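Chain by chain, the residues:
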Amino acid sequence: MENIFSIFVKSIFIDNMIFAYFLGMCSYLAVSKTVKTSMGLGLAVIFVLLVTVPVNYLLENYLLKAGALSWLHPSLADADLSFLSFIIFIAVIASIVQLVEMVVEKFAPALYSSLGIFLPLIAVNCAIMGASLFMQEREYANIGEATAFALGSGIGWWLAIIGIAAIRERITYSNIPKPLQGLGIAFIITGLMAISFMSFMGIKL
Amino acid sequence: MNIFSSKQAKPLLNPLLKDNPVTAQVLGICSALAVTVKLEPALVMALSVTAVCGFSNLIIALIRNLIPNSIRIIVQLVVIAALVIIVDQILKAFAYEVSKQLSVYVGLIITNCIIMGRLEAFAMANKPIPSLLDGFGNGLGYGLILALVAFVRELFGSGSILGWKVMPGGFYELGYQNNSLVILPPMALIIVGVIIWVQKAHTKEAK
């Protein structure tokens, strides 16, 4: 239980998706103009991460990993399908995003209209794919740890996009050199935010 | 047909500076920053992206009239994922050290927006040869930024280029120290911000 909590906190602050690994930068920069839309996208990312990472965890451990197929038949114990993991992960992510979109549209139309175009866009958000690949690389011991990691990464991403959106709303009226406006300053602010997040480094839980 | 006539060269050369995928189109930033601590992985990454981008453009351009419009995203993803698997296996076989350093970022080429973006914007509407050139051009434009950022970070962060020491030893005796902040993630963001600043200042009159 302690381990799960430590993974959760670590993935929010220390291994933050944006500030430590630069994952999901494209939508992070494109959507962070107002706090309201960033909130929608952030929540959608948390939600999709929370669904896709555990599903991919099960696939990884019962289908793809070396020897993972032995539960099916003992003779399959030396089968190694890990080279297929990219294509399986992206297929799972694309189809789950599609599924989530349909379910949300049917049962929560208000949420659907507020998330709008962000849901389908999430399929190509590197943070989602990246979380699944990190999950594979770090070899979490059980599905609880993988889920904690997914939730933590999602919250970390949400925190980052809310932060930059709030700052960008404030600097709209600042006097920034013309060529630096927009994208340039967004990068530099993100850099400064990342420096402040680095103060969490080295915290042992 | 001369492959390097000016009309053919346009899709190859435009993305290098004027229409650079990273700084002008704001695509593919995710992986651009993470692999740039040292020059060598950055170059390998640039090469991988160029190869995947060029060949996926070529394949999609060849079959563009056969793809039903409603499932084109899935078809594109499958083509990209297959190419990335090939690249990943080649890296693991011939450059294991670099492949370990790149870790998950090789897999993340799949979700690199440059490749999807070029497939959607160019390969779906153009003939195979220009598409191939467009793919290579965008890959190289991406590689250019990667190499630039990695060059700055390795030079000031480790005092070396491609692993060779280039900072004169005398500097260190005078009290010069490697700037360890440059190696850390935040500096990559700031360097890219500055590159965008310089580039926009130069292309301002074109707008």
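Residues numbered from 1 in each chain as written. Chains lettered and ligands numbered in written order. Predicted model: local features only at pLDDT ≥ 70, side-chain atom pairs only at ≥ 80, totals over all residues. Heavy atoms only, no water.

A. Local environment of the overall build of chain B. Along chain B, the regular secondary structure elements total eleven helices and two strands. If you list the helices and strands of chain B from N to C, you get α-α-α-α-α-α-α-α-β-β-α-α-α. The 207 residues of chain B split such that 50% are buried. (Helix = DSSP H or I, 4+ residues; strand = E, 2+ residues; numbered from the N terminus. Buried < 20%, exposed > 50% of the residue type's maximum accessible area, 1.4 Å probe, protein only.)

B. Main features of the interface of chain B and chain A. Contacts between the two partners involve 37 residues from chain B and, on the opposite side, 37 residues from chain A. Carbon and sulfur atoms supply 86% of the area buried between chain B and chain A, which totals about 3200 Å² over both sides. When the buried surface of chain B facing chain A is broken down by residue, C30, T111 and L189 of chain B rank first, second and third, together holding 18% of it. Our enumeration of links across chain B and chain A arrives at zero salt bridges. Viewed at the interface, chain A and chain B are joined by one residue pair in polar contact (both at pLDDT 80 or more). Of all the secondary-structure elements, those providing two or more residues to the side of chain B that touches chain A are helix 2 (29-34), helix 4 (72-94), helix 6 (104-107), helix 7 (113-121) and helix 11 (185-203) of chain B. Looking at the side of chain B that touches chain A element by element, the count peaks at eleven residues for helix 11 of chain B. Split by residue class, the side of chain B that touches chain A holds 28 nonpolar, seven polar and two charged. (Contact = heavy atoms within 4.5 Å. Buried area = accessible area lost by both parts, 1.4 Å probe. Salt bridge = Lys/Arg side-chain N within 4 Å of Asp/Glu carboxyl O. Polar contact = N/O pair within 3.5 Å; in protein donor to acceptor, adjacent residues only side chain to side chain. Nonpolar A, V, L, I, M, F, W, Y, C, P; charged D, E, K, R; others polar.)

C. Region of interest: the packing of helix 3 (residues 39-62) of chain B against helix 8 (residues 128-158) of chain B. Residue and element names in this part refer to chain B. Following both chains from N to C, one finds helix 3 and helix 8 inclined at 165 degrees, their axes separated by 8 Å at the closest point. By the angle class used here, helix 3 and helix 8 are roughly antiparallel. Of the two possible hands of crossing, helix 3 and helix 8 adopt the one that is right-handed. Of the residues that constitute the contact of helix 3 with helix 8, the class distribution is 21 nonpolar, eight polar and three charged. (Axes fitted to C-alpha atoms, helices over the stretch in contact; angles between N-to-C directions. Parallel < 35°, antiparallel > 145°, perpendicular 65-115°, else oblique. Left-handed = near helix turned anticlockwise from the far one by under 90°.)

D. Representation of the layout of surface pockets in the model. Each pocket or cavity is described by its volume, and for the largest pocket that value is around 570 Å³. Forming the walls of the largest pocket are 20 residues, and the residues nearest its centre are Q136 and E137 of chain A together with D88, K92 and K100 of chain B. Going through the elements one at a time, helix 4 (85-107) and helix 7 (126-138) of chain A together with helix 4, helix 5 (96-102) and helix 6 of chain B are the ones with two or more residues in the lining of the largest pocket. Of the residues assigned to the lining of the largest pocket, the class counts are six nonpolar, six polar and eight charged. (1 Å grid on protein atoms, 1.4 Å probe; cavity = no way out; pocket = protein on both sides within 12 Å on 5 of 7 lines; lining within 4 Å. Points joined across faces, edges and corners; volume = space filled by probe spheres on them.)

E. Representation of the packing of aromatic side chains in the model. Taken as a whole, this structure holds seven aromatic pairs over all chains when the rule is applied. Taking 5.8 Å as the distance between ring centres and 85 degrees as the angle between the ring planes, the aromatic pair formed by F55 of chain B and F136 of chain B counts as edge-to-face. Of this pair, F55 of chain B sits in helix 3 while F136 of chain B is found in helix 8, placing the two residues 81 residues apart along the sequence. For F55 of chain B, a relative accessible area of 40% puts it in the partly exposed group. By relative accessible area, which is 23% here, F136 of chain B ends up partly exposed. The rings of F13, F19, F197 and F200 of chain A are connected pair by pair, giving a single aromatic cluster. The ring of F134 of chain A is capped by R138 of chain A, whose NZ or CZ atom sits 4.6 Å from the centre of that ring. (Phe/Tyr/Trp six-rings, centres within 6.5 Å; stacked < 30°, edge-to-face > 60°. Lys NZ or Arg CZ within 6 Å of the ring centre and 35° of its normal.)

F. How the structure looks around the side chain of D88 of chain B. If you trace the backbone, D88 of chain B turns up in helix 4. Of the residues examined, D88 of chain B reaches a relative accessible area of 9% and is grouped as buried. Here D88 of chain B is in contact with F86 of chain A together with V106 of chain B, once residues within four sequence places are set aside.

G. Seen up close, the confidence of the model for chain B. Confidence in the prediction for chain B averages 79 pLDDT; 87% of positions are at 70 or higher. Note on the complex model: pTM 0.81, ipTM 0.75. (pLDDT = per-residue confidence, 0-100.)

H. Structural detail: a nonpolar patch on the surface. On the surface, L58, Y62, W71, L72 and I143 of chain A cluster together into a nonpolar patch covering about 530 Å² of accessible area. Take Y62 of chain A: it is sitting in helix 3 (residues 35-64). (Patch = residues over 30% accessible without salt bridge, like charges linked within 9 Å, V, L, I, M, F, W, Y side chains within 5 Å. Areas by Shrake-Rupley, 256 points an atom, 1.4 Å probe, with all protein chains shown as cover.)

I. Inspection of the environment of V79 of chain B at higher detail. Residue and element names in this part refer to chain B. Relative to the assigned elements, V79 resides in helix 4. Note: C-alpha distance between V79 and V52 (27 residues apart in sequence) is 9.5 Å. When sequence neighbours within four positions are dropped, the list of residues in contact with V79 reads S56, I59 and I60.

J. Examining the pattern of salt bridges more closely. Residue and element names in this part refer to chain A. A complete count under the given rule lists four salt bridges over all chains for this structure. When the shortest N-O distance is used, the salt bridge between K10 and D15 registers 3.7 Å. The partner of R138 in a salt bridge is D15, and the shortest N-O contact between them spans 4.0 Å. Highlighted residues: R138 in helix 7 and D15 in the loop between helix 1 (2-14) and helix 2 (25-31), separated in sequence by 123 residues. The network of salt bridges with common partners includes K10, D15 and R138.

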